[in-house]
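If you want the building blocks of each chain, they are given just below.
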Amino acid sequence: MARRAAGQLAIGCLLLVGGCGTPATGPSPTPAPSTTGATSSGGVTTPPTSSAVPSSAAPTSTPTTTAPSSAASGEPSPPVGSSSTATPPSSARPVPAELTAADLVTGLSTPWGIDFLPDGTALVTSRDDATITAVRENGDTTDAGRVDGVSPGGEAGLLGLAVSPGYPTDHTVFVYYTADNDNRIAALTLTDGSVSAQHDIVTGLPRAANHDGGRIIFGPDKLLYVGVGDAGNPSGAQDLSYLGGKILRLNPDGTGADGNPFPQAPLVYSYGHRNVQGLAFDSAGRLWAAEFGQNTWDELNLIRAGGNYGWPNTEGLTNDPKYVSPQRVWATSEASPSGIAIWRGSVWMAGLRGQTLWQIPITGTASTTDAAAPNQTGEPIAHFAQQYGRLRTVVVAPDDRLWFTTSNTDGRGSPRPGDDRILRIPG
Ligand SMILES: [Ca+2]
């Protein structure tokens, strides 16, 4: 996450005002080349809609839809499709007309990964303390143990956490952590609600003080998806033999999943990433990923097997057919995204430096394997801008409320009384 970019840029856009995600002049008709260092006057740069995708980037494009014009109002309405390919999931419940958030837990130290046990208890990692805290639905907390061998420092430490889909019988939770010389994924066994055993399933992922990735989630296929940062080796992101700058897809024993796209790199699912810390599946089964830009563009991507997402050869939108262009980009001062979640028809993205919870409506369900897929998102909407400081992780709780965490104790923030906290929507 280390960047040369200048200091904070106040967004100044408020909930429901709609002025932030809706540049009055609209998007540029062509994607901005990644290396221009262009700025975005509105804080959000809109990628091309389907009608604006150059034919060279969409050789078999069948024009279908553009983002619904209603999105330009900034109203946090559910996505509204304008054609059969843009029909939102029927299960998507509307976003509340006015979002409210309230503290669920305060006083946490560098909270990072969160997932839920079958009984609704959340497990929350502390990056710097290497501990796991159990959080009940009422906000009560208990110690759930510690992960051995964690070597925190900079952005490294105890990072993502994912509960096994087979937890009722295997009592297993997976964590991504930084050891002395590498990043690792460990399987933890829980007994009576606390860690009782630990063994590594993956070792040798590159580590560094910064760009450690760290998000792990289970997909609907019960496979483990992992965001691994480039660990300060940008060119390695294009090298399939280097596991940094990748999204991995693994069996729960740490081996590469059947059907992964590269026989010579059995763990790798997609490559050309800089530092993915946000992963989430939508109701159409598509994997979304957020990643930090260097000093120009943060990205929200739709991930497809074998896709090359461009880093370090491109950053942000691209016309080059060798690379998958992002669905949305932000100036790094506006986002610097870590966790994402899918809730009520939108991607919700936690911004660290941007200190904003971004809502990105999902406007289509096109397959990620369709290279001609039009933009699948509406205009982003900024929530809670500057209100709580840096935001790290966002997850959907079993009761269909949205949780998000602050990250003001991570060494880059300004902790305030009660930090760090988990907030819950509706409050
Ligand atoms: Ca990219």
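Notes on the structure follow. (Residues numbered from 1 in each chain as written. Predicted model: local features only at pLDDT ≥ 70, side-chain atom pairs only at ≥ 80, totals over all residues. Heavy atoms only, no water.)

1. Topic: the overall build of the protein
To keep things clear, this is the line we draw: A run of H or I in DSSP counts as a helix once it spans at least four residues, and a run of E counts as a strand once it spans at least two, with each numbered from the N terminus. When accessible area is computed with a 1.4 Å probe and restricted to protein chains, residues below 20% of their type maximum are described as buried, those above 50% as exposed, and intermediate ones as partly exposed. In this analysis, two residues are considered to be in contact whenever any of their non-hydrogen atoms come within 4.5 Å of each other. The protein chains shown are the only cover counted for residues, whose accessible areas, like all others here, come from Shrake-Rupley with a 1.4 Å probe.
Helix and strand counts for the protein come out as one helix and 25 strands. By residue count, 58% of the 427 residues in the protein fall in the buried class. Taking the contacts inside the protein whose residues are at least 6 apart along the sequence as the reference set, 57% of them involve residues at least 24 apart. In the form shown here, the protein has an accessible surface area of approximately 15300 Å², with 51% of it arising from carbon and sulfur atoms.

2. Topic: the coordination of the calcium ion
Basically, it comes down to this: Only nitrogen, oxygen and sulfur atoms within 2.8 Å of the metal, or 3.2 Å for Na, K and Ca, are treated as donors, and water is left out, so sites may look incomplete.
Around the calcium ion, the protein supplies E299 (OE), E299 (OE) and Y309 (O) as donor atoms, at distances of 2.2 to 2.4 Å. With E299 in strand β17 (residues 297-303) and Y309 in the loop between β17 and β18 (328-331), this pair connects stretches of sequence that are 10 residues apart. Take E299: its relative accessible area is 4%, and that puts it in the buried class.

3. Section: the sheet that holds strand β12 (residues 224-228)
Selection criterion: Two strands form a pair only when DSSP identifies at least two bridges running between them. Axis lines are fitted to C-alpha atoms, over the contacting stretch for helices. Their N-to-C directions set the angle, which ranges from 0 to 180 degrees.
With antiparallel pairing, four strands are arranged side by side in an open sheet as β11-β12-β13-β14. With partners counted over all chains shown, the strands left at the sheet margins are β11 (216-218) and β14 (268-271), one partner each. For this sheet, the mean angle separating the axes of adjacent strands, direction not counted, is 20°.

4. Quick look at unusual backbone geometry
Residues D419 and D420 are joined by a peptide bond in cis, for which omega reads -5°. Cis rather than trans, the peptide bond between I425 and P426 has omega equal to -5°. Mapped onto the elements, P426 comes out in the segment after β25 (422-425). Phi is positive for D192, close to 50°, though the residue is something other than glycine. Mapped onto the elements, D192 comes out in the loop between β9 (183-191) and β10 (194-205).

5. Notes on the environment of G278
Along the polypeptide, G278 turns up in strand β15 (residues 276-281). When the C-alpha positions of G278 and G339 are compared, they lie 4.0 Å apart, and in sequence the two are 61 residues distant. For G278, the contacting residues outside a window of four places in its chain are R215, W288, A289, A290, S338, G339 and I340.

6. Notes on the nonpolar core
Most often, soluble globular proteins keep nonpolar side chains buried together rather than apart. To keep it simple, the criterion reads: Here, nonpolar core means buried Ala, Val, Leu, Ile, Met, Phe, Trp, Tyr and Cys residues that are tied together by side-chain atoms lying within 4.5 Å of each other.
Residues Y176, I185, L224, V226, L248 and L250 are the most contacted members of the largest nonpolar core, which totals 23 residues. Not counting residues within four places of it along the chain, the set of residues in contact with L250 comprises I185, V202, L223, L224, V226, T255, A257 and L267.

7. Describing the pattern of salt bridges
Counted only if it meets this: Any Lys or Arg side-chain nitrogen found within 4 Å of a carboxyl oxygen on Asp or Glu counts as a salt bridge.
For the structure on display, the rule yields 16 salt bridges. Across the pair D320 and K322 runs a salt bridge whose closest N-O atoms are separated by 2.9 Å. Residue classification places K322 among the exposed residues on the basis of a relative accessible area of 55%. For R328, the salt bridge identified is with E379, shortest N-O distance 3.8 Å. With R328 in strand β18 and E379 in the loop between β21 (357-361) and β22 (381-383), the pair connects residues that are 51 residues apart, well separated along the chain.

8. Focus: the packing of aromatic side chains
The condition that has to hold: For this analysis, a ring pair means two rings from Phe, Tyr or Trp (six-membered ring only for Trp) whose centres lie within 6.5 Å, classed as stacked if their planes differ by under 30 degrees, edge-to-face if by over 60, and tilted for the remaining angles.
With the rule as written, the count across this model stands at 10 aromatic pairs. Between Y225 and Y269, the aromatic rings sit 5.5 Å apart at their centres with planes inclined by 90°, giving edge-to-face as the arrangement. Note that Y225 is positioned in strand β12 and Y269 in strand β14, a separation of 44 residues in sequence. Overall, Y269 belongs to the buried group, its relative accessible area being 12%. By way of ring pairs, the aromatic residues Y225, Y269 and F281 are connected into one cluster.

9. A word on the sheet that holds strand β3 (residues 111-116)
Taken in spatial order, the four strands make up an open sheet running β3-β4-β5-β6, and their pairing is antiparallel. The open sheet has two edge strands with one neighbour each: β3 and β6 (141-146). Neighbour-to-neighbour, the strand axes of this sheet turn through a mean angle of 25°, independent of strand direction. Sheet analysis places β3 next to strand β4 (residues 122-126), joined by four bridges and oriented antiparallel. Residue pairing for β4: D115 is matched across the bridge by L123.

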